[in-house]
Amino acid sequence: MPEGQWPNHAADATRIVFPGTGYDGPGRAAGGVVFLPVGSPPPGGWPVISYVTGLGPGLAGPERVHADRWLTAGYAVTVADHHDLGPHPYLNGEAVADDVVDIVRAARKADPHVGRTWLVAGFARGAHAALFTGLVASRYAPELHFRGTVAIAPPVHPTRLAAELTADGRRPVSPLVPFLLAGVPAGFLTGTGRALVSLAARATFGEVAEAARALTNDDGGFTELHRRPGIAQALDVCRVPVTRMDRPVLLTAGDADDAVPADVVARYYTDLRHAGADVRFDRHDTTHLGLLLAGLDDIQAWARRPGFGRRASDRDGRLTGDDFAVCALRLVQACGEPPGSPAAQAVRRGYAALWREVAARSGATVDQREFLHALDSACNGGFETELHHLADAVLRLAEGSDSVPSTEIAAAVRDPGRTDDWLFGQF
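Residues numbered from 1 in each chain as written. Predicted model: local features only at pLDDT ≥ 70, side-chain atom pairs only at ≥ 80, totals over all residues. Heavy atoms only, no water.

Caption draft 1: Focus on the nonpolar core. Residues Phe35, Tyr51, Val77 and Leu251 are the most contacted members of the largest nonpolar core, which totals 83 residues. Here the element with the most residues in this core is helix 10 (residues 262-274); it accounts for seven residues. Excluding anything up to four places from it in sequence, tyrosine 51 contacts Leu59, Glu63, His66, Val77, Thr78, Val79, Ala80, Ala121, Gly122, Phe123 and Leu292. Core analysis: the second largest hydrophobic core is formed by 27 residues, Ile16, Leu36, Val100 and Ala106 among them. (Core = buried A, V, L, I, M, F, W, Y, C linked by side-chain atoms within 4.5 Å. Buried < 20%, exposed > 50% of the residue type's maximum accessible area, 1.4 Å probe, protein only. Helix = DSSP H or I, 4+ residues; strand = E, 2+ residues; numbered from the N terminus. Contact = heavy atoms within 4.5 Å.)

Caption draft 2: View of helix 11 (residues 296-303). All of the buried residues in helix 11 are Leu296, Ile299, Gln300, Trp302 and Ala303. Seen from one end, helix 11 has its buried residues packed into an arc of 155 degrees, which puts them on one side. As for helix 11, its buried residues are in contact with helix 1 (62-72), strand 5 (114-123), strand 6 (145-152), strand 7 (249-254) and strand 8 (279-284). (Arc of directions from axis to C-beta.)

Caption draft 3: Structural view of helix 2 (residues 93-110). The terminal C-alpha atoms of helix 2 lie 26 Å apart, and with 18 residues this matches the ideal 26 Å at 1.5 Å per residue to within 8%. For helix 2, the buried fraction is high: 14 of the 18 residues fall into the buried class. (Expected span 1.5 Å × (residues − 1).)

Caption draft 4: Spotlight on the side chain of threonine 78. Note on placement: threonine 78 falls in strand 4 (residues 76-80). A distance of 3.3 Å separates polar atoms of two side chains, one belonging to threonine 78 and the other to serine 50. Beyond its immediate sequence surroundings of up to four residues, threonine 78 is in contact with Val33, Val34, Val48, Ile49, Ser50, Tyr51, Ile103, Val104 and Ala107. (Polar contact = N/O pair within 3.5 Å; in protein donor to acceptor, adjacent residues only side chain to side chain.)

Caption draft 5: Seen up close, the pairing of strand 6. Judged by how many residues are buried, strand 6 sits mostly within the fold: seven of eight residues are covered. As paired elements, strand 5 and strand 6 share six bridges and run parallel to each other. Along strand 6, the bridge assignment pairs tryptophan 118 with phenylalanine 146. (Pairing = 2+ DSSP bridges.)

Caption draft 6: Main features of the pairing of strand 8. By the bridge criterion, six bridges tie strand 7 to strand 8 in an arrangement that is parallel. For alanine 253, the partnering residue across the bridge sits in strand 8 and is arginine 283. Note that the unit made of strand 7, helix 10 and strand 8 has a crossover that is right-handed. (Right-handed = clockwise from strand over helix to strand, strands pointing away.)

Caption draft 7: Quick look at the packing of aromatic side chains. Under the defined criterion, the tally for this structure stands at five aromatic pairs. When the centroid spacing of 5.1 Å and the interplanar angle of 90 degrees are considered together, the rings of tryptophan 70 and tyrosine 75 count as edge-to-face. A relative accessible area of 1% means that tryptophan 70 is categorised as buried. Judged by relative accessible area, tyrosine 75 falls into the buried class, the value being 6%. Considering the side-chain rings of tryptophan 118 and phenylalanine 146, the 4.7 Å spacing of their centres and the 45 degrees angle between planes classify their relative orientation as tilted. A residue pair is termed long-range when its members are at least 10 positions apart, and tryptophan 118 in strand 5 and phenylalanine 146 in strand 6 qualify at 28 residues. (Phe/Tyr/Trp six-rings, centres within 6.5 Å; stacked < 30°, edge-to-face > 60°.)

Caption draft 8: Spatial organisation of the environment of leucine 390. Looking at the secondary structure, you find leucine 390 in helix 15 (residues 384-399). Residue classification places leucine 390 among the buried residues on the basis of a relative accessible area of 1%. For the pair leucine 390 and tyrosine 351, spaced 39 residues apart in sequence, the C-alpha separation works out to 6.5 Å.

Caption draft 9: Here's a closer look at the packing of helix 6 (residues 191-200) against helix 7 (residues 205-212). Orientation of helix 6 relative to helix 7, taken along the N-to-C sense of each, is 170 degrees, at an axis distance of 9 Å. Judged by the angle between their axes, helix 6 and helix 7 are roughly antiparallel. Helix 6 and helix 7 meet at a crossing whose hand is right-handed. Every residue of helix 7 that contacts helix 6 at Leu196, Leu199 and Ala200 is listed here: Glu207, Val208, Ala211 and Ala212. (Axes fitted to C-alpha atoms, helices over the stretch in contact; angles between N-to-C directions. Parallel < 35°, antiparallel > 145°, perpendicular 65-115°, else oblique. Left-handed = near helix turned anticlockwise from the far one by under 90°.)

Caption draft 10: Here's a closer look at the packing of helix 4 (residues 158-166) against helix 10. Viewed as axis vectors pointing N to C, helix 4 and helix 10 meet at an angle of 150 degrees, and their least axial separation amounts to 10 Å. By the criterion of interaxial angle, the relationship of helix 4 to helix 10 is roughly antiparallel. Considering the relative orientation of helix 4 and helix 10, their crossing is right-handed. Counting all contacts with helix 4, which are made through Arg160, Leu161 and Glu164, the residues of helix 10 involved are Val264, Arg267 and Asp271.

Shown next, in the form of structure tokens:
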């Protein structure tokens, strides 16, 4: 990399290209940058921060300063490219997560001084992708030592964000709103609004913020965006699932943030806690960009804490639809299957259908022991039809898997009460 693009405390900066997997299956070349810190690596190699950008492709401005602080603390920093994935790829967390993990693997192959211990960190739309990465990382790359997720101003629930940011027609346009609509049919917008959305599909956050300056929601046709036909359904697809993540999570939000209101992040924090996740929430009196440096010393202390890693306890014992969706995604990723492929979609539809039947009988949440007991007694009025379709889809997925032995998956299908299985484990 040209030295003018390096963070101040990088000893080396190298662009790498590695094989990636497209969301719907076809292979592609993925790329990114590896920055190494100054000094000698510790035993086992440099720990890694896999950083997901939120302001645009590559590191620039305050994000470069943020990465520089990790380098100063003795971490290697990897930054995967995402700008080639189409309109607002950061809100398709499943499409980004594999690259965020794979660049750590590629960095280790490229340089023996890069260690296997790593965290994922991201800002804004990058924090959204970081949370999706945290949902699958330990299963997707078990040979690495994944230690947790740092999500700075994450747009965790786009529909709630749209409701809060566009409720008042006289409110200035939040720069995030045009990004939420990039790629979504929105014929109700004014000419000004359409121009902003078109810009968001190809421009950086700063460029959109500058173009939106002095405009109101009424000027763009954004007012009460979530009430427009089809918009809430489209944005809900981008929601970060709430489930018990198997590694710790740190969330930060700013009380003066005009892009990701702190109250939305606070509600997600509460939801994660109720799901049994090991999660911390730091709230700062600062702006959106100010969050990149706010409390960074505390974040780094959290990342270095003794005993950091998987917590076997802290489960709430309740299952929700999000638990089923995440379990499906983890299984698909562990089998090396692209999450949008026909085989993966069949598995995910199977989990969704089983949950719908469970919810119809038991309500929005169900006790895990009761659910597993119902599975064990499926022949006595359980979920025979749903389990049959799901098991069939899972076994077809296993036939093409090089990552998980088909015999192991078959055993899990036939014995769903096992606590370590691939079918209903890791809640």
